[in-house]
Each structure stands twice: as C-alpha cells, then as structure tokens.
2 protein chains.
Amino acid sequence: MKTRERILRASLTLFNEEGESNVSTVDIADVLDISPGNLYYHFKGKEPIIAELFDQFEREINQVLKAPIKKALAIEDNWVFFYILFEEIYDFRFFYRNITSLTEQYPKLATQFRKLIRSKRQTIASILDTLRKVGFLEMTPEECILLAERCTVHVTYWPSYQELVSPKLTTGEAIHAGVHTLIGQIAPYLPEGRQEFLALIDEFYSNTQE
Amino acid sequence: MKTRERILRASLTLFNEEGESNVSTVDIADVLDISPGNLYYHFKGKEPIIAELFDQFEREINQVLKAPIKKALAIEDNWVFFYILFEEIYDFRFFYRNITSLTEQYPKLATQFRKLIRSKRQTIASILDTLRKVGFLEMTPEECILLAERCTVHVTYWPSYQELVSPKLTTGEAIHAGVHTLIGQIAPYLPEGRQEFLALIDEFYSNTQE
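Residues numbered from 1 in each chain as written. Chains lettered and ligands numbered in written order. Predicted model: local features only at pLDDT ≥ 70, side-chain atom pairs only at ≥ 80, totals over all residues. Heavy atoms only, no water.

### Some thoughts on the packing of helix α1 (residues 3-18) of chain B against helix α4 (residues 46-70) of chain B
Residues and elements named next belong to chain B. The contact between α1 and α4 brings their axes to 10 Å, and the two run at 90°. On the basis of the axis angle, α1 is roughly perpendicular to α4. Contact residues: R4, I7, L8, S11, L12 and F15 in α1; K46, I49, I50, E52, L53 and Q56 in α4. When grouped by side-chain class, the residues that make up the contact of α1 with α4 number seven nonpolar, two polar and three charged. (Axes fitted to C-alpha atoms, helices over the stretch in contact; angles between N-to-C directions. Helix = DSSP H or I, 4+ residues; strand = E, 2+ residues; numbered from the N terminus. Parallel < 35°, antiparallel > 145°, perpendicular 65-115°, else oblique. Contact = heavy atoms within 4.5 Å. Nonpolar A, V, L, I, M, F, W, Y, C, P; charged D, E, K, R; others polar.)

Here you go:
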C-alpha cells in the first residue's frame, strides 16, 4: 500500500477511535512509524486529510444511495439496505460525532454534508414511495415526504445519540438498534399486520446480529 | 443585577450565538465592559461558567418535564407542552450544538446529559402512555416505549439538524418545524381521523407562529 493511502487509513481509524479533535498529525505519523516530515510531504496538515476522507466517504455512500433509485428493491431488501447505509456511516463515524463543530471548522464540509443529507432524503423518500405505491405502506405523498425527513434525521444523528446514552455498545449492536428503531418508525404505516411485521423484524435482527 | 448573574447571562448569549468553542473569557469580559480580572474573581475560567449554566438549564427543564408526570395534560395541551420543551432547549441551545465534543471536554456534563435524556424519555413515555390509555393512540406498551425513544432523539438532535440543513431559519421557525415533525411521528398511531388531525395541527401551528 502506498504511504499516502496508509496515512488516510490510519487517520480514519484514529479519528473514529479517538475523535478528530484529539488526534494530531504527529499522532498519525507515530502510528505509522514515519517522520512528521514524510507525512507533511503527502498532506499539509489535517485539513487536506479530512477533505480527502470526506471525498472518499461521499463516493462510497453515493454508490449505496444510488442503488435503490436505479432499481426498486424487493420489500425485504429495504431493511438490509438500511443496514448497509448505517454500516457505511459507521465506517466514517467521526464525521457524525461532531457535525456542528467539524462543519464550523471546515466550512467546505458544511456544503458537502448538506448535499449528502439531501441525497439520503431523496433515496429514503424513493424507497418509501415505492412501498406506498405497491400498497405495503398506507400514507399520503405528503406524509411520505415527512417520514423520509424523519428517517434522514434518524440515520444522521443515531450514532451520536447511541454514543451518548450507551457508550459501551459495540458498533454492530449500535447499528442493529438503529435499523430496528428506523423500521419501528415505518411500521405504523402498514395497513395491517403491524404486530406480525414487528415480530418478524425482531427475529430477523436477532439472527443477523449473531 | 449582580455581576455574577450578568456574566452568566452574557456567556449564555455569546455561547448560543457564536458557539462555545469560539468564545473566550476575555470576549465575555469585553461584552460586559469589565476587566478579565473582575470576571476571574467570579469564575475561574469557562468551565465553572458552563457548569453553572447547565445546572440552571437542568433546573428549568426539569420543571417543564415534571409537569405532565404530576398531572396528565388535556390532549391538546400536549402539543403546547412540546413547544415549551423545545423553547427551553433553544434557550440553552449551545449545549445541543456539539453534544459529543462538549461532553468529551467536560466529562461531568456527559453524566448530566444522560440523566436529562432519561428524564425526557420518561416524560414523553408518560404522555404517550396516557394518550394510549384513553384510546387516543392505538399501540402496544412496547411500541409506546420505542416511540418515546424516537421522540427523545428527535427533540435532542433537531436543533443540530436544522442548523445544518436550514441555517437561515429563525429560532421560532425551527421550533415550529420541530414540533410539527414530532407530532407527525405520533399521528400514525391515531386509530382514525389521522388526516383531519394533521390538517388541524397544520393550522394550529400556522396560527401560533404569527
């Protein structure tokens, strides 16, 4: 692996584990056993590292977000989709831990983050709209838009919430709880069989967790 | 007003407007036209100011949170209750802008914040449970607990979300949208007349906003 790529990977790990504000370029160089000068040759500080990590995150998550728009998913695949979406977010979770301070410090991120949130909302709205049209969910188009927004807030802030209230959960457990809560939000729009659906989802997520 | 109280008020205003990390004790002294030494006589830095502001916030919000537990509200008063809850949160909104970094920097806050989130969840659960028992909402006790958690996440992270996606909204508009979205989350559990209820809420919130 090239030094440049190694720096990016080590930075991502450190940022996720320690929090971006607690990690310096010297810490990153230390972990890689390279000199700060060598790191500086590749990146002139933390800002370009963070910018490149965000670009990488954007590319990956956009791939995830585009799939259900290109082609509607089978109903049960939607729950897996949300799982994958959360996994992607948790891979780059340091961006989500302190969105407000990061976007203040790196204003370019604010624009990118807003765009990303719009894409999330569009994809979720498209999924819900498909479920509505096939009669799986019973709601008006207006309710569908509002539900998509609530789900977007949920996937964006769930990691911070979990870290605050249940700091000891593993990433897998936090994602599991996040998907479960998200589906719980959609369930009341089922015209019938809500309890059976919730029971199925409970079982499904207990299985995938093991 | 005593100097001590003036320092707290000016700090709260500055923290809310500029963000806590962008405000120094010198800035606070400047705004009050007192010397940094005079400020230091009252508070030995930002940490005790923040601690005292959180205690004040805790006292005020706990008053709000206890009311519906002491005595069940009339159904329509619940929506006003959420409005008051959001207003209280927005009065001390700097705590909510960067929960993760603030609680990292001031670990005592993490414990207090967790306790506060538990109180919020209890109050919201109690409100929803009352609505369930009188038949206004149709859900199982388990669904009631999950919905209370979702509403708790919503009231906690709505200010950050709004600031990110709609930075130009006034506080009044942001609160309005927050209550509206919260009620939209409860509405699907109405056994009937959901559309009429949503229309009523739309109208109600357009009125109070003016």
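Further notes follow.
### Points about the relation of the copies chain A and chain B
Overlaying chain A with chain B gives an RMSD of 0.0 Å, the required rotation being 180° about an axis along which the chain moves by 0.0 Å. What we have between these two chains is a two-fold relation. In this assembly, 100% of the residues forming the interface of chain A have copies in chain B that are likewise at the interface, indicating an isologous arrangement. (Least-squares fit on C-alpha atoms with pLDDT ≥ 70 in both.)

### Re the environment of Y96 of chain A
All names here are of chain A. Considering the arrangement of structural elements, one finds Y96 in helix α6 (residues 94-97). With 59 residues separating them along the chain, Y96 and V155 place their C-alpha atoms 10.0 Å apart. Among all residues touching Y96, those that are not within four sequence positions of it are F57, I89, F113, L116, K120, T156 and S160.

### Quick word on the pattern of salt bridges
Overall, the coordinates contain 18 salt bridges over all chains when judged by the stated rule. Across the pair E104 of chain B and R97 of chain A runs a salt bridge, and its minimum N-O distance is 2.7 Å. Separated into two different chains, E104 of chain B in helix α7 (residues 99-105) and R97 of chain A in helix α6 make up a pair that spans both. On the accessibility criterion, R97 of chain A (11% relative accessible area) is buried. Across the salt bridge formed by E149 of chain B and R121 of chain B, the nearest N and O atoms sit 3.5 Å from each other. (Salt bridge = Lys/Arg side-chain N within 4 Å of Asp/Glu carboxyl O. Buried < 20%, exposed > 50% of the residue type's maximum accessible area, 1.4 Å probe, protein only.)

### Brief notes about a positive patch on the surface
Residues and elements named next belong to chain A. Residues K66, K70, K115 and R118 make up a contiguous surface patch of positive charge. When residues of the positive patch are traced back to their parent elements, those giving at least two are α4 (46-70) and α8 (107-133). Following the sequence through the fold, K66 ends up in helix α4. (Patch = residues over 30% accessible without salt bridge, like charges linked within 9 Å, V, L, I, M, F, W, Y side chains within 5 Å. Areas by Shrake-Rupley, 256 points an atom, 1.4 Å probe, with all protein chains shown as cover. Lys, Arg positive; Asp, Glu negative; His and termini not counted. Charge placed at Lys NZ, Arg CZ, Asp CG, Glu CD.)

### Comments concerning the domain arrangement of chain A
All names here are of chain A. Partitioning chain A into domains gives domain 1 (1-44) and domain 2 (47-208). Here the C-alpha centre of domain 2 lies 29 Å away from the C-alpha centre of domain 1. Counting the surface lost from both domain 1 and domain 2, the interface buries some 1,200 Å², and carbon and sulfur atoms represent 63% of this. The largest contributions to the domain 1 side of the interface with domain 2 come from L8, N16 and E20, which together make up 44% of the buried area. In this structure, the connection of domain 1 to domain 2 is made through one salt bridge. (Domains from an automatic or database assignment. Buried area = accessible area lost by both parts, 1.4 Å probe.)

### Some details on the packing of helix α8 (residues 107-133) of chain B against helix α9 (residues 141-165) of chain B
Residues and elements named next belong to chain B. As a packed pair, α8 and α9 sit with axes 8 Å apart at the nearest point and diverge in direction by 135°. Classed by the angle they form, the pair α8 and α9 counts as oblique. For the pair α8 and α9, the sense of crossing is right-handed. Taken together, the residues of α9 that come into contact with α8 (itself represented by I117, K120, R121, I124, A125, L128, D129 and R132) are P141, C144, L147, A148, E149, C151, T152, V155 and T156. Considered class by class, the residues forming the contact of α8 with α9 number ten nonpolar, two polar and five charged. (Left-handed = near helix turned anticlockwise from the far one by under 90°.)

### Side note on the packing of aromatic side chains
Each pair of aromatic rings is reported with the distance of its centres and the angle of its planes. Counting across every chain of the model gives 31 aromatic pairs over all chains. When the ring of W79 of chain B is compared with that of F197 of chain B, the centres are 5.6 Å apart and the planes differ by 65°; the resulting orientation is edge-to-face. Of the two residues, W79 of chain B sits in helix α5 (residues 77-91) while F197 of chain B sits in helix α11 (residues 194-209), which places them 118 residues apart along the sequence. With relative accessibility at 4%, the residue W79 of chain B sits in the buried group. Note on F197 of chain B: relative accessible area 9%, which makes it buried. Aromatic ring contacts, followed pair by pair, group F15, F54, F57, F92, F94, F95, Y96 and F113 of chain A into a single cluster. (Phe/Tyr/Trp six-rings, centres within 6.5 Å; stacked < 30°, edge-to-face > 60°.)

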